[in-house]
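# Survey of secondary and tertiary structure
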Amino acid sequence: MIVLLALFYALAPFFLTMGLERLLKNAGFAQPQVHDLSIKAGWTVAIGRLSLGAEKDLVLHQITAQSSPRALIKGRLQSLEIGSLSARIMVDQAALLEGQTVRILSCAGVVFPQNRESAGLSLPFDRLQLNRADFVFKNAGKEAPLQGPLIMGLDRLRIALDDDPANENGNEPQTKISSAISLRHDFGQMTGTVEAALSKAGAPLYARLLLQEGALIWPQMAKASPEQSPEARLEAKIEGTLEADWQTGALMADLRARAPDHSLHLKARADLVSLASTGRIEAESRDPGALYPAISSRTETRLGADYALEWAAGGPLLTLDPLEIHLGSLVISDMALIEGRMAPGQFKGTARIDARAGLSVKDRPSLFVEGAVQSGFSGRIANADIMGLDVAMPAFSLEASPQKISIAPNQCVDISLDSLEVVDFMASGLPSLCLHAAEPNTPSDQPSPPFLAYDLATKRIDLAMAIRSIPFAIAIKDGTQSWPLSGQSPQVLVHAHSLPDAGITAKIKAEGGRLNWPDPALIFADIASGIEMEKGQIQSLNFEIGTLKSATDPQMLAPLRIEGQSVWDMAGIDFKAWASDPMGVFVLEMDGRAEKRGDGQATLLLYPVTFMPDIAEPGDLLPLLGDRLQNFVGTLGFDGALSWAAPVTAKGVDASDPFLSRLQMGGLLTLDEIGFERDALSLSGLSSQIRIDRIWPLKTAADQSLAIKSLNAGFPLLNGHAVFDLSDADRLSVDAARFDLAGGSIRVEPFIVDLTAIEDTHLVLLVEDAKLAQIFQAGGVDGLTGDGLLTGRLPLQYKDGTVQITDGFLKASENGVMHYAPNDLPDFLRGDDLRSQMLRQALRNFHYDHLNLGINGDLAGQQSLNLEARGANPDFLDGHPIELNFNLQGALMSAIDSAMGAGRASNLENLYRQSQMPPPPMPLDDVQKNPQKSGPQ
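## Thoughts on the overall build of the chain
Along its length, the chain carries 7 helices and 58 strands. Buried residues in the chain amount to 37% of all 937 residues. In the chain, of all internal contacts separated by at least 6 residues, the share reaching a separation of at least 24 is 48%. Summed over its atoms, the accessible surface of the chain is roughly 51,900 Å², and 56% of this surface lies on carbon and sulfur atoms.

What follows is the structure in structure tokens.
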């Protein structure tokens, strides 16, 4: 007996080793090897080392198994103790992402999990103790979303059969499992405890993982690398529970991750076989820029979503519905739209996203989102106050992969703004804009560009966008002034991209715009422009106004065409602009440069315009002048310059100072042989070179002069010359003006015209040595001529659009002669009465030694001439002295008076009657003595 027992203990380890290796090999393990197996007292077997598969695939040390005859009959062990275990498990992530939920793990030649049986799970031992276990999970393929090994450690794993008959619900005895667990990966680690309960079929099975301490290291998306610096990594503490019901195949998770300024809560339920999962994700961050460096913000951001995860043949599908995101103040600094960070509280807003998201991994992991976005913002950027900025995408799709994110709206992206205030100007009633994907400028066999795309590796942003043309009506206010503007916005096409270190490169084209300007009433039609940017700098800007015309009837301004172009560099802008009428007669050119520091200058050139009747007339440019100025001739030109500068204060440039107050414009206005006619006014030979110090409000240099060859405004004025200037206070000062008049001269006393109140203008013309004959001729009285020189004053006043002479007078400076013999006698000379006969004869050859001529009326129209004269007609009453006083435009005022005074006219009449009586008959003797006096025979 002792010999047999000794033989058993000697041979049993050998046979047990062979049997155990065959058993493990039949179970599917490759290359099982049992080392140092020994049998000890009390039905105990010890194994020094057990290895399965290739080297280090699965290795167990210090294994001790204890049983009894009864337990062995049942195929069970009473206890199993393992000192340490190390396993290398290969994970087929590709198979998992293709929708397979079994046979995705392999270790030492065994593939699992297998198809789950409906029967419960039981273990072939009553108690198990595993002091230390290390599992290394590695990817079986070359490419996978999760790179790097996952290491799981178990400490003090205990598995015991609870054979207490008083267990809950009177079910079969449960096997309880407990252990300390740790998980480590390049991107995080966590520790905790695991508890589980296993039983036979019909009883509930569960496992519970309690995470006592954990950390998730978030590598910022700028560099998804575990070797990055600690400043680029965010560590989050993780806690929560995982519970699994093995029989129903349910996995319940309640996990929380917390980090400074960030938190994440996941509550989920999953099926262990299909891996389908549903639940809710909630996240909150007070500094989203720490998670994604393109975002610069310290404002609270919240996300909440109900999710569903399904696994199909094409890969997993993740749905987020509904998804809500609440954003505070966000600034996208990587896009180079705004430089720098916004101060907290300057820009506030909210955003709501209602979307459905899906995760596709057929070829490579990618995320797509379909839904709608509604957001609203208000705040201040630079010098602009933005109120009620709303952005809405009723339908959009987003696609994201580890390399790229792209967004494409399926409908218009509607952008509306309540008001925009910049410095002192505020715009309200702004129209809603419709943004949509631009038509591609690519061949049909190439994919069209997305609306917006972001490359995660290079941080490149691509934008291909169009803005539809829409009608608008807005109001622009500046303090108490308001300008209502209306029209049609241009259609805009934008193709742009940006890089963090290179800025924005873009081409922007706009065409088809229209603007109605209220005061003066102008229409800007066919507005078009083009902008080219490179590396964040505008390289060129071109614009065109196809038609600029007046909206009044009749038109104040003829249609013009305006074009411009500019070239930008680091220091400033070179620009040119042209304005011309359709025939190219009127051409105005501007050429200049604006410096980045705020100052600038430009030349302004009006090419000489030569006016000719019926060919080039002022009415071609200013239709209102067409009927007012006839036979316009001469040449007009302007050569000027303008400059501006931002005033520099102790703290730098004062950007709030109005631009117009810093603008200086001037030049030389050239007038050469200008002539025209208007009603009874005619002008010819107007020439001058006028130095203009400021164009608006208009101001000239001092002592400007002009020459006029002829000015006829009722009196022919020749060889005129004037000296004048226009001051800051809208005051035209005329210091000297002189013309030749009727062989003499006429000059103007210095006067000032208030251009804001022309009706109050008064001036006096001083006449010296004007010839009476020419004055009478200018008066237009039929048959009135004379000889002599006149001197006097003609006070003028501008009234009701005409120049009026009030109480003007001219008097003779020497003796002269006046003749009045009209072809058609006026009413006061047509009578057959005695006085009418006397007046007709006296005026035929009246020699005066005193003459006054009073003048009243319209300078360029009809005047009333009141004549006072004293003298005699040598052919009338033998040159008897007489006085004349009558209005040549009215009835006889006082017919004829004797030079001896009033009341003596009767004596003059008696003399006239006597002169008209036939002489008495002569005596015969006298006739014979004087036959020459006897008359005809």
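Moving on from the coordinates now.
## Considerations on the pairing of strand S31 (residues 491-499)
Here S31 shows a buried face lined by Val492, Val494, Ala496 and Ser498 and an unburied face lined by Gln491, Leu493, His495, His497 and Leu499. Direction of pairing for strand S28 (residues 461-467) relative to S31: antiparallel, over a ladder of 7 bridges. Within S31, the residue paired with Leu463 across the bridge is Ala496. Connecting S31 to the next strand, strand S32 (residues 503-517), in antiparallel fashion are 3 residues.

## A few points about the environment of His850
On the secondary structure map, His850 appears in strand S55 (residues 846-858). Judged by relative accessible area, His850 falls into the partly exposed class, the value being 29%. Remark: the alpha-carbon pair of His850 and Ala812, spanning 38 residues in sequence, is separated by 6.5 Å.

## Quick look at the nonpolar core
Burial of nonpolar side chains together is a common tendency in soluble globular proteins. Core analysis: the largest hydrophobic core is formed by 80 residues, its most contacted members being Leu548, Met818, Leu851, Leu853 and Leu884. Once residues lying within four places of it in the same chain are set aside, the contact partners of Met818 are Phe776, Leu784, Thr785, Gly786, Leu843, Arg844, Asn845, Phe846, Tyr848, Leu851, Leu867 and Leu884. Core analysis: the next-biggest nonpolar cluster, separate from the first, contains 32 residues, Ala65, Ala87, Cys107 and Phe135 among them.

## Things to note about the side chain of Ser580
Its place among the elements puts Ser580 in strand S36 (residues 572-580). Setting aside chain neighbours within four positions, we find Ser580 in contact with Leu560, Arg561, Phe586 and Val587.

## Thoughts on the pattern of salt bridges
Tallied over the entire structure, the rule returns 16 salt bridges. Among the salt bridges present, the one from Asp462 reaches Arg460, with a minimum N-O distance of 2.9 Å. When its relative accessible area of 29% is taken as the criterion, Arg460 is described as partly exposed. A cluster of three or more residues bridged by salt bridges with shared partners is formed by Asp569, Asp574, Arg593 and Glu595.

## Here's the deal with unusual backbone geometry
Look at Ala742: it is not a glycine, yet its phi comes out positive at around 50°. Judged by its relative accessible area of 6%, Ala742 falls in the buried class. For Leu877, which is not glycine, the phi torsion reads 55° and is therefore positive. Position of Leu877 relative to the elements: it lies in the loop between strand S56 (863-872) and strand S57 (882-887).

## A look at the side chain of Ser540
Tracing the backbone through its elements, the reader meets Ser540 in strand S34 (residues 537-550). Not counting the four nearest positions on each side in its chain, Ser540 is found in contact with Gly530, Ile531, Glu532, Ser566, Val567 and Trp568.

## Comments concerning the packing of aromatic side chains
Within this structure, the stated rule accounts for 3 aromatic pairs. On the basis of an interplanar angle of 75° and a centroid distance of 4.9 Å, the ring pair of Phe611 and Phe632 is categorised as edge-to-face. Taken together, the residues span a long stretch of sequence, with Phe611 in strand S38 (residues 600-611) and Phe632 in strand S39 (residues 630-644) at a distance of 21 residues. Each member of the pair, Phe611 together with Phe632, is buried. Taken together, the ring pairs connect Phe611, Phe632 and Phe676 into an aromatic cluster.

## What about the environment of Arg184?
Its place among the elements puts Arg184 in strand S9 (residues 174-185). Judged by its relative accessible area of 47%, Arg184 is partly exposed. C-alpha separation for the pair Arg184 and Pro149, spaced 35 residues apart in sequence, amounts to 8.4 Å. Arg184 has contacts with Pro149, Leu150, Ile151 and Gln189, leaving out every residue within four places of it along the chain.

## A closer look at the state of the cysteines
Going through the model one piece at a time under the given rule, you end up with 1 disulfide. In this model, Cys412 is linked to Cys434 through a disulfide, with the two sulfur atoms separated by 1.6 Å. Note on the Cys412 and Cys434 pair: the S-S dihedral is about -45°, so by sign convention the disulfide is left-handed. Remark: Cys434 occurs in strand S26 (residues 433-437) and Cys412 occurs in the loop between strand S23 (404-409) and strand S24 (413-422); sequence separation between them is 22 residues. The residues Cys412 and Cys434 share a single accessibility class, namely buried.

## Digging into the environment of Pro582
Relative to the helices and strands, Pro582 is located in the loop between S36 and strand S37 (587-595). In this structure, the C-alpha to C-alpha distance between Pro582 and Pro559, residues 23 residues apart in sequence, is 7.2 Å.

## Points about the confidence of the model for the chain
When pLDDT is averaged across the chain, the result is 75; 71% of the residues are at 70 or more. Across residues 219-232, confidence stays below pLDDT 50; counting only partners more than four residues off in sequence or on other chains, it has 26 contacts. Contacts of residues 890-904 to residues separated by more than four positions or lying in other chains number 30 contacts, the stretch itself having pLDDT below 50.

## Notes on the pairing of strand S1 (residues 33-40)
In the sheet, S1 pairs with strand S2 (residues 44-52) via 7 bridges, with the strands oriented antiparallel. Among the inter-strand pairings, Ile39 is bridged to a residue of S2, identified as Val45. Joining the antiparallel neighbours S1 and S2 is a turn of 3 residues, in which Gly42 adopts a positive phi near 80°.

## What to know about a nonpolar patch on the surface
Together, Leu755, Ile758, Tyr798 and Val803 make up an exposed nonpolar region whose accessible area comes to about 280 Å². Tracing the chain through its elements places Ile758 in the loop between strand S49 (751-754) and strand S50 (762-771). Since its relative accessible area comes to 37%, Ile758 is described here as partly exposed.

The rules we used
Residues numbered from 1 in each chain as written. Predicted model: local features only at pLDDT ≥ 70, side-chain atom pairs only at ≥ 80, totals over all residues. Heavy atoms only, no water. Helix = DSSP H or I, 4+ residues; strand = E, 2+ residues; numbered from the N terminus. Buried < 20%, exposed > 50% of the residue type's maximum accessible area, 1.4 Å probe, protein only. Contact = heavy atoms within 4.5 Å. Areas by Shrake-Rupley, 256 points an atom, 1.4 Å probe, with all protein chains shown as cover. Pairing = 2+ DSSP bridges. Core = buried A, V, L, I, M, F, W, Y, C linked by side-chain atoms within 4.5 Å. Salt bridge = Lys/Arg side-chain N within 4 Å of Asp/Glu carboxyl O. Phe/Tyr/Trp six-rings, centres within 6.5 Å; stacked < 30°, edge-to-face > 60°. Disulfide = S-S within 2.5 Å. pLDDT = per-residue confidence, 0-100. Patch = residues over 30% accessible without salt bridge, like charges linked within 9 Å, V, L, I, M, F, W, Y side chains within 5 Å.

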